[in-house]
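Residue-level structure breakdown
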Amino acid sequence: MSWVTIDRICSEEARSSPEIRRMLERSDRPLRFRAEHFSDEELLEKLRGLGMDLDRRGLEKLCDGALSAEEVVGPLIAECEAGVDFEADWIWICLVTLWQRWWPDKPCLELLDDMVQAGYREQEQGDEAGCATIWLDAWAHVLRLCDVTGIRSIEEFDDRFPMTQSLYNWSQDVELALWNAGLADRGLLTARIEYCAEALRRFPREDQLMTENLRASLARSYFATGMTARADELFQSWLAADPGWSWGWIGWADCYSGSGEAGDYSRAEELLRRGYDVADGRDRGYIAERLRDLCLETGRPQEARKFGQQARQLLRRDPTMSVSRSLDLVAADGPVVARETTTLNFGPDGVPLDQFADALRSMREQSPGPSALPGKVGRNAPCPCRSGLKFKKCCGSPASRV
């Protein structure tokens, strides 16, 4: 976890919890927001007090080539007179604050993290356009950091620059924010095209879900901006290479019916049926759901019912089931006998009644069969509890029976 993330978590907790705020105040732990009212000279004087006699030129030379204040501060802590962790925190806080004031266009982890979180705050206030605008600037910083370091994957970026929100998660939020804001601002839809295309180019070996989401977003953005031929061309090429991509067929069909952009239901149905005909398609049941909805929309309830049944069957998941068995020795008035108990646990969601018989059948198939333990255990025989002792010295002893 990076220093900027730790500082952000502490600051947010201090603002929301009076108890944590008092605890931090008692500990005198410094946080970034405490440096906001300091002048540049006061921050430099703070550094001098910690053994760093630097002016602006010296600090700029020190940070030359660095990609975060944290990586600059690390080696300095051992050289200066910072004797406790809080003093080391002050070195980082002073450096980040001056970096933000003097070189705001110089990319670094801390300033990038600030921009990402500023976008989330705009989004929470309902300003999608403001959020998208901030995040486009943040994306430019990501690209510059990738250029400097030669990073070619999102995983590599997250390892090198651990932001409060990972690039893996944030990059998907960027795509969605650009779409939402682009519905009212065509320019942001164009920016979404550039964003998706650049992400696919920069990170060509991402996991399948990430790549598929970016592809669908790119093609749908082309369609939404009126470049329908280009959208059709992209979907056609991707699905020719991977016809089992069910969400690709759905995304293509949604261009014509999902958002009402063209309202061509016949074209949407044609695409969905083509995807549904791929017998081994991934998530094929969701195409059946879309066909059900389309049939309802176009006044064909019987066909809708048929596709609904097929969707339920395809999306039906085996219930989560665990089987536990216990072996107990029961000594009543007669001889000691071994009794095996089998317990089925279907988890917090339970199991639908129409699947209960299948679950029992599955349990019986997994069962090793009836135990071959004798109904009566001899005193000198090995104890059935598998302790390695004779029965008379273990579960058959008078103490055990008591």
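Residues numbered from 1 in each chain as written. Predicted model: local features only at pLDDT ≥ 70, side-chain atom pairs only at ≥ 80, totals over all residues. Heavy atoms only, no water.

1. Quick word on the overall build of the chain
- On a plain count of helices and strands, the chain comes out with 19 helices and two strands.
- Within the span of the chain, comprising 402 residues, buried residues form 41% of the whole.
- For the chain, the share of sequence-separated contacts (at least 6 apart) that also reach a separation of at least 24 residues comes to 55%.
- About 22,300 Å² of surface is accessible on the chain, with carbon and sulfur atoms providing 49% of the total. (Helix = DSSP H or I, 4+ residues; strand = E, 2+ residues; numbered from the N terminus. Buried < 20%, exposed > 50% of the residue type's maximum accessible area, 1.4 Å probe, protein only. Contact = heavy atoms within 4.5 Å. Areas by Shrake-Rupley, 256 points an atom, 1.4 Å probe, with all protein chains shown as cover.)

2. Quick look at the nonpolar core
- Judged by nonpolar contacts, the single largest core of 93 residues is most densely connected at Phe157 and Trp170.
- Looking at this core, the element that brings in the most residues is helix α6 (residues 85-102), giving 10 residues.
- Apart from the residues within four sequence positions on either side, Phe157 is in contact with Leu112, Val142, Leu145, Cys146, Ile151, Met163 and Leu167. (Core = buried A, V, L, I, M, F, W, Y, C linked by side-chain atoms within 4.5 Å.)

3. Examining the environment of Ala66
- By the secondary structure assignment, Ala66 is in the loop between α4 (56-63) and α5 (69-79).
- Under the relative-accessibility criterion, Ala66 is labelled buried at 6%.
- Along the backbone, Ala66 and Leu109 are 43 residues apart, and their C-alpha atoms lie at a distance of 9.9 Å.
- Every residue in contact with Ala66, bar those within four places of it in the chain, is listed here: Glu71, Val72, Trp99, Lys106 and Pro107.

4. Some points on the pattern of salt bridges
- Evaluation of the coordinates by the stated rule reveals 23 salt bridges.
- Among the ionic pairs, Arg48 bridges to Glu41, the shortest N-O distance being 2.9 Å.
- The class of Arg48 is partly exposed, set by a relative accessible area of 27%.
- On the accessibility criterion, Glu41 (47% relative accessible area) is partly exposed.
- For Asp53, the salt bridge is made with Arg48, and the minimal N-O distance between the two is 3.5 Å.
- Each of Arg8, Arg32, Asp113 and Asp114 takes part in a single network of salt bridges with overlapping partners. (Salt bridge = Lys/Arg side-chain N within 4 Å of Asp/Glu carboxyl O.)

5. Quick notes on helix α17 (residues 301-315)
- Taking 1.5 Å per residue as the helical rise, α17 with its 15 residues ought to reach 21 Å, and the 21 Å between its terminal C-alpha atoms agrees with that figure.
- Every buried residue of α17 is listed here: Ala304, Phe307, Gly308, Ala311 and Leu315. Buried residues of α17, seen end-on, are gathered within an arc of 110° and therefore sit on one face of the element. Seen from the open side of α17, the exposed residues pointing more than 90 degrees away from its buried face are Gln302, Arg305 and Gln313.
- For α17, the secondary structure elements touched by its buried residues are α15 (265-276) and α16 (284-297). (Expected span 1.5 Å × (residues − 1). Arc of directions from axis to C-beta.)

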